[in-house]
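Below are the chains, spelled out letter by letter.
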Amino acid sequence: MPVRSSPAYRKASVELLQGELFPQSLEDMVDAQDPCRLVSDLVGLLDLSALTSSLSLQGGVSYHPRLMLKLWMFGLWDGERSSRRIEKRCRTDIRYKWLAGGLVPDHTTLHRFRRKLGPLLDDLLAQSVALGHKAGLGGLGRACIDGTKLPSAASQWRTFREEAEIADQDFEEDASEPSPAVKEKKRIAEPSKDADARTMKARSGSYLVGFNGQCLHDCDSDLVLAVTVSNNASDVDHLVPTLDKCLDLHKELPHELLADTGYDSPALQAGLFKKVEI
């Protein structure tokens, strides 16, 4: 093997300041098996008439709701929940560029679209599950349910202070004049960002201010069937509402349900859902 007198370096295949005679296309840059293509295909099959009919006929040209939904769905899959970061990805990430068709929606537009999605999420979930069943991803056979604690945007210490304030008020309710400490707490109290959030014990043993999210999903296909969120820290009261949500979305219940002992409730013992084997 010959010995070089100096190190050899690979030469760049593209000159940054020189245009290409045959420029590359975004279609060729995205791998055929990339998950963004699956997201694009799924959103292409959804009925978005509720979104398109709400668009204003005045003002500037709107971004198509299908494009915006693709960006948000893939962003959530990719771990991006910030509208600002998704806007940045539309400039720098090939996959986001491909989904957006080269357009770059600003973060305000992305945020407003996400807020519009709230009332339509259940319908989009039901459509997605129906498409999965139609594609052969199983039916409502065996499902399982579990919950997790979701942190909120509220300040943990402010919530602790407000809960302590309520306790002090209850303690002082029989007194003719509140204590100076209670007066001072009332004076400095500020509204929380998430007023409905509650202090809950997480699985790790620590405490957080947030909500209890419940997910019912199909064991065979891993399709999410129903999601509920509340500020009740206990799982015992969530089984019936989550099954009701599943029945409302899909018009039927799973034939078999897997749940831990945290869901053992009087409703179960009374056989409220007799068609479900638990």
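Residues numbered from 1 in each chain as written. Predicted model: local features only at pLDDT ≥ 70, side-chain atom pairs only at ≥ 80, totals over all residues. Heavy atoms only, no water.

A. Geometry of the packing of aromatic side chains. The final tally for this structure, using the stated rule, is two aromatic pairs. Between Phe-74 and Trp-77 the ring centres are 5.4 Å apart and the planes differ by 20°, which places this aromatic pair in the stacked class. Here Phe-74 pairs with Trp-77, and both are found in helix 4 (residues 65–77), just three residues apart, close to one helical turn. Residue Phe-74 is classed as buried on the basis of its relative accessible area, which comes to 0%. When the ring of Phe-74 is compared with that of Tyr-96, the centres are 5.2 Å apart and the planes differ by 65°; the resulting orientation is edge-to-face. With Phe-74 in helix 4 and Tyr-96 in helix 6 (residues 94–100), this residue pair connects regions lying 22 residues apart in the sequence. Members of the aromatic cluster, joined through ring pairs, are Phe-74, Trp-77 and Tyr-96. (Phe/Tyr/Trp six-rings, centres within 6.5 Å; stacked < 30°, edge-to-face > 60°. Helix = DSSP H or I, 4+ residues; strand = E, 2+ residues; numbered from the N terminus. Buried < 20%, exposed > 50% of the residue type's maximum accessible area, 1.4 Å probe, protein only.)

B. Local environment of the pattern of salt bridges. As enumerated under the stated definition, the model contains nine salt bridges in all. With a shortest N-O distance of 2.9 Å, Asp-78 and Arg-89 are connected by a salt bridge. On the criterion of sequence distance, the pair formed by Asp-78 in the loop between helix 4 and helix 5 (83–92) and Arg-89 in helix 5 is long-range, its members being eleven residues apart. For Asp-78, a relative accessible area of 24% puts it in the partly exposed group. The partner of Arg-95 in a salt bridge is Asp-78, with the nearest N and O atoms 3.7 Å apart. You can see Arg-95 sitting in helix 6 and its partner Asp-78 sitting in the loop between helix 4 and helix 5, a full 17 residues away along the chain. Each of the salt bridges in this network shares a partner with another, and the network as a whole consists of Asp-78, Glu-80, Arg-85, Arg-89, Asp-93 and Arg-95. (Salt bridge = Lys/Arg side-chain N within 4 Å of Asp/Glu carboxyl O.)

C. Region of interest: a nonpolar patch on the surface. Among the surface-exposed residues, Leu-150, Val-224, Val-227 and Val-229 lie close enough to one another that they form a single nonpolar patch of about 280 Å² accessible area. Residue contributions to the nonpolar patch peak at three residues, all from strand 4 (residues 224–230). (Patch = residues over 30% accessible without salt bridge, like charges linked within 9 Å, V, L, I, M, F, W, Y side chains within 5 Å. Areas by Shrake-Rupley, 256 points an atom, 1.4 Å probe, with all protein chains shown as cover.)

D. Looking closely at the layout of surface pockets. In this structure, the largest pocket occupies an estimated 1,600 Å³ of space. Elements represented by at least two residues in the lining of the largest pocket include exactly helix 2 (35–45), helix 4, helix 7 (107–117), helix 8 (121–134) and strand 4. In terms of residues, the lining of the largest pocket owes the most to one element, helix 8, which gives eight residues. For the lining of the largest pocket, the per-class residue count stands at 22 nonpolar, three polar and five charged. Of the volumes computed, that of the second largest pocket is approximately 280 Å³. As for the second largest pocket, its lining consists of Leu-51, Ser-54, Leu-55, Ser-56, Ser-62, Tyr-63, Pro-65, Met-68, Thr-109, Arg-112, Phe-113 and Lys-116. For the lining of the second largest pocket, the secondary structure elements donating two or more residues are helix 4 and helix 7. Examining the composition of the lining of the second largest pocket, we find that four residues originate from one element, helix 7, more than from any other. The class makeup of the residues in the lining of the second largest pocket is six nonpolar, four polar and two charged. (1 Å grid on protein atoms, 1.4 Å probe; cavity = no way out; pocket = protein on both sides within 12 Å on 5 of 7 lines; lining within 4 Å. Points joined across faces, edges and corners; volume = space filled by probe spheres on them. Nonpolar A, V, L, I, M, F, W, Y, C, P; charged D, E, K, R; others polar.)

E. The nonpolar core, seen in detail. Ranked by internal contacts, the top residues of the largest apolar core, which has 23 residues, are Leu-48, Leu-69, Leu-71, Ile-86 and Phe-113. Contributing elements (two or more residues each) for this core: helix 2, helix 4, helix 5, helix 6 and helix 7. Counting residues per element, this core draws most heavily on helix 4, at six residues. Apart from residues lying up to four places away in sequence, Leu-71 is in contact with Ile-86, Cys-90, Tyr-96, Leu-99, Ala-100, Pro-105 and Leu-110. Grouped together as the second largest cluster of nonpolar side chains are 13 residues, Leu-140, Ile-145, Ala-226 and Tyr-263 included. (Core = buried A, V, L, I, M, F, W, Y, C linked by side-chain atoms within 4.5 Å. Contact = heavy atoms within 4.5 Å.)

F. Inspection of the pairing of strand 3 (residues 207–218) at higher detail. Taking burial as the measure, the twelve residues of strand 3 include nine buried ones, the bulk of the element. Sheet analysis places strand 1 (residues 142–151) next to strand 3, joined by nine bridges and oriented antiparallel. In the sheet register, Ala-143 faces strand 3, and the bridge partner there is Asp-218. The pairing of strand 2 (residues 198–201) with strand 3 spans four bridges and is antiparallel. Bridge pairing in strand 3 links Arg-198 to Gly-210. In textbook terms, the turn of a hairpin is the stretch between consecutive antiparallel strands, and for strand 2 and strand 3 this stretch comprises five residues, one of which, Gly-205, has a positive phi near 105°. Relative to strand 4, strand 3 is paired through six bridges, and the arrangement is antiparallel. Bridge pairing links Asn-212 to Ser-230 in strand 4. Counted between consecutive antiparallel strands, the loop separating strand 3 from strand 4 contains five residues, among which Asp-222 sits at a positive phi close to 65°. (Pairing = 2+ DSSP bridges.)

G. Fine view of the environment of Asp-34. Checked against the element boundaries, Asp-34 lands in the loop between helix 1 (26–29) and helix 2. Distance from Asp-34 to Arg-95, taken between C-alpha atoms, is 8.5 Å for residues 61 residues apart in sequence. Other than its neighbours up to four places away in sequence, Asp-34 contacts Phe-74 and Arg-95.

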